[in-house]
Amino acid sequence: MAINSTGLQPDREADDNQHRSLTTLAPDAVEALSSTSLRCVECSALYPALEMGQPPRYRCDCGGVLDVETEFKLPQQPTHSDSDVDSMLYGFDAELDGGTPSAGSSWRQLFDERAANPPIWSISSDKMLLDGSGVWRYRELILPAPERFVVTRPEGNTSLYPVGIENCSVGRIGHRQIGAYAGLERFFLKHEGENPTGSFKDRGMTVGVTMANLLGARAVACASTGNTSASLASYAAQAGLEGIVFLPAGNVSGGKLAQSLAYGARTVQIEGDFDDAMRLVEQVCNELGIYLLNSLNPFRVEGQKAIGLEILQQLDWQAPDWLVLPAGNLGNTSAIGKAFRQAYNLSLISHVPRIASIQAAGANPFYKSFAQGFARRETVQADTVATAIRIGNPVSYARARRVIEECDGLVEQVTDEEILAAKAVIDRAGIGCEPASAATLAGVRKLVARGVIKRDEQVVGILTGNLLKDSKTGIPQHVSGSSVKATIEAVRSVLS
């Protein structure tokens, strides 16, 4: 796949400016994805995951986004009938009717056994490495790719902090202050900033780059406000792929940009916002045969389902009442909602949690659409200190709308002032997060105050990025106080 018009590689034959055709893909890769399809969220048109002689598909012919449907099969199990929940096609069209208890126990046992393996790079077994990943542990529900194509660091296994007034231990006074601020007795924060590159994006990127590797891509690209570009650059470097990131000039924090550059990605700064960069990268990838790794790519969103699955496993497969998360491009709302639906259909859980997607007031197109009953899709010119969710035309709108409607969820907005106040509480608790993550706590506090979320309900909130992703916004930049003499008397007088 040449990308010669960008000057990144020497000229090659024109027919090399494509992904490999199916005839040159490895037979085990073709077979593994033979039961996987892509369905349009808008018109329900169905496409195979791999189309003979065609480049990767990111959209339906009608322009709608696509969702992955695949057949879930327990490994080393005999063939089941179509009615058996262990071997069934799961996508958004599956009915919310639950499976059988026996099916759920088999899946729980499989995932719990894998979780017992340490998340380390095994010397002799790729399977041990996959089992230790917080994404590939659930590989039957994520992507049935042959193990030799999987690109993993590994990722996941992020902490679920108990921070509620009642469920936080007495020795963690700082953490309990978060619960007091939110007004919740049973509250957990899932910190996706503990992933390898510092954000949840690694969950989707390990799957996206694995697909690129399987397809024989030589280059991958994305538009990004920072987190996606850092993750793409890391996983592309690991796989030996060219990484190209389109950034909105002046709207990306230094910490995120530094990661992309350090990992060797080629950066293209666009004079515009994220939505302009997203429009351009889609055109470039389609024209030059580069593999697109934004959340428009349905396989990348599949990786983010692992956030929801890991939360359920950490709670011993007891689903919370609410899941609250920041909302920008809406990939996480789509992915986690889908994970909960599929977990319910597999009888991993007994009910589907309600989801609350929280937007910044200055970047609130999904909230505006929700406020009018999704009568029409809104777009805005985004402006917020939370750069990770500074998006005015979210790609995964249709997927996320469906999730909110199915789970009786809601969308809320919070101001930048509310975001920064919540961030200060999380930071002072010794956990820390980037500004976009703090929209979660700000939203929870607002919904509890309004009585939407009840004080005694069990709530899980998502923190999407590490504190150092934005080392300036909402963080004191100067050391307080003046210098003192290097004597115990001088120090004693200051501390007293």
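These numbers come from a predicted model, not from an experiment. (Residues numbered from 1 in each chain as written. Predicted model: local features only at pLDDT ≥ 70, side-chain atom pairs only at ≥ 80, totals over all residues. Heavy atoms only, no water.)

Caption draft 1: How the structure looks around empty space enclosed by the protein. Using the criterion set out here, one finds four cavities of 30 Å³ or more in the structure. Taken as a whole, the largest cavity holds about 290 Å³ of empty space. For the largest cavity, the lining is made up of 25 residues, of which Phe200, Lys201, Asn329, Ala388 and Ile391 are closest to its centre. Every element with two or more residues in the lining of the largest cavity is listed here: α7 (227-239), α10 (298-314) and α11 (331-345). Within the lining of the largest cavity, the residues separate by chemical class into 10 nonpolar, 13 polar and two charged. (1 Å grid on protein atoms, 1.4 Å probe; cavity = no way out; pocket = protein on both sides within 12 Å on 5 of 7 lines; lining within 4 Å. Points joined across faces, edges and corners; volume = space filled by probe spheres on them. Helix = DSSP H or I, 4+ residues; strand = E, 2+ residues; numbered from the N terminus. Nonpolar A, V, L, I, M, F, W, Y, C, P; charged D, E, K, R; others polar.)

Caption draft 2: Structural context of the pattern of salt bridges. A complete count under the given rule lists 26 salt bridges for this structure. For glutamate 310, the salt bridge identified is with lysine 190, shortest N-O distance 2.4 Å. Residue glutamate 310 is found in helix α10, and its partner lysine 190 is found in strand β6 (residues 186-191); the two are separated by 120 residues along the sequence. The buried category is assigned to lysine 190, whose relative accessible area is 0%. Arginine 279 serves as the salt-bridge partner of aspartate 276, at 3.5 Å between the closest nitrogen and oxygen. Of this pair, aspartate 276 and arginine 279 both sit in helix α9 (residues 274-288), three residues apart, roughly one helical turn. (Salt bridge = Lys/Arg side-chain N within 4 Å of Asp/Glu carboxyl O. Buried < 20%, exposed > 50% of the residue type's maximum accessible area, 1.4 Å probe, protein only.)

Caption draft 3: Up close: the layout of surface pockets. By volume, the largest pocket amounts to about 620 Å³. Of all elements in the fold, only α1 (27-32), β3 (66-73), α2 (101-115), α3 (126-132) and α4 (139-142) reach the threshold of two or more residues within the lining of the largest pocket. Top element by residues in the lining of the largest pocket is β3. It accounts for four residues. Taken together, the residues that form the lining of the largest pocket break down as eight nonpolar, three polar and 10 charged.

Caption draft 4: Region of interest: the sheet that holds strand β8 (residues 242-248). Reading across the sheet, the four strands line up as β9-β8-β7-β10 and stay open at both edges, with parallel pairing between neighbours. In the strand order of this sheet, the two ends are held by β9 (266-270) and β10 (291-292), each with one partner. (Pairing = 2+ DSSP bridges.)

Caption draft 5: Region of interest: the environment of alanine 436. Among the structural elements, alanine 436 can be located in helix α15 (residues 435-449). Considering only alpha carbons, one finds alanine 436 and alanine 360, 76 residues apart in sequence, at a separation of 8.2 Å. Not counting the four nearest positions on each side in its chain, alanine 436 is found in contact with Pro326, Ala386, Ala388, Ile389 and Thr464. (Contact = heavy atoms within 4.5 Å.)

Caption draft 6: Focus on the pairing of strand β14 (residues 458-463). Along β14, six of the six residues are buried, which leaves the element largely enclosed by surrounding structure. Because side chains alternate across β14, one face comprises the buried residues Gln458, Val460 and Ile462, and the other comprises Val459, Gly461 and Leu463, equally buried. Here β6 runs beside β14; their pairing, made up of six bridges, is parallel. Looking at β14, one finds that histidine 191 is bridged to leucine 463. Pairing between strand β11 (residues 322-326) and β14: three bridges, direction parallel. Bridged to valine 324 within β14 is glycine 461.

Caption draft 7: Looking closely at a nonpolar patch on the surface. Together, Val484, Val491, Val494 and Leu495 line one region of the surface with nonpolar side chains, adding up to about 370 Å² of accessible area. Mapped onto the secondary structure, valine 491 falls in helix α16 (residues 488-495). (Patch = residues over 30% accessible without salt bridge, like charges linked within 9 Å, V, L, I, M, F, W, Y side chains within 5 Å. Areas by Shrake-Rupley, 256 points an atom, 1.4 Å probe, with all protein chains shown as cover.)

Caption draft 8: Quick peek at the packing of aromatic side chains. Within this structure, the stated rule accounts for eight aromatic pairs. Ring geometry for tyrosine 58 and tyrosine 291: centres 6.0 Å apart, planes at 55 degrees, overall tilted. Remark: tyrosine 291 occurs in strand β10 and tyrosine 58 occurs in the loop between β2 (46-48) and β3; sequence separation between them is 233 residues. Taking the relative accessible area as the measure of exposure, tyrosine 291 reaches 2% and is therefore buried. For the ring pair phenylalanine 366 and tyrosine 397, a centre distance of 5.8 Å and an interplane angle of 85 degrees mean the geometry is edge-to-face. With a gap of 31 residues between them, phenylalanine 366 in helix α12 (residues 365-371) and tyrosine 397 in helix α13 (residues 397-406) connect regions that are remote in the sequence. Its relative accessible area of 0% is what places phenylalanine 366 among the buried residues. What makes tyrosine 397 buried here is its relative accessible area of 6%. (Phe/Tyr/Trp six-rings, centres within 6.5 Å; stacked < 30°, edge-to-face > 60°.)

Caption draft 9: Structural context of α7. For α7, built from 13 residues, the straight-helix expectation of 18 Å at 1.5 Å per residue is met to within 8% by its first-to-last C-alpha distance of 19 Å. Among the residues of α7, Asn227, Thr228, Ser229, Ala230, Ser231, Leu232, Ala233, Ser234, Tyr235 and Ala236 are the ones counted as buried. The inward-facing, buried residues of α7 contact α6 (201-215), β7 (219-223), β8, α8 (254-262) and α10. Just downstream of α7 lies glycine 240, where phi reads positive at about 75 degrees. (Expected span 1.5 Å × (residues − 1).)

Caption draft 10: Broad picture of the confidence of the model for the protein chain. Of all residues in the protein chain, 87% attain a pLDDT of 70 or more, and the chain-wide mean is 88. The low-confidence segment residues 1-18, where pLDDT is below 50, has 43 contacts with residues more than four positions distant or belonging to other chains. Note that residues 78-87 has pLDDT below 50 and, in this model, 18 contacts with residues that lie over four places away or in other chains. (pLDDT = per-residue confidence, 0-100.)

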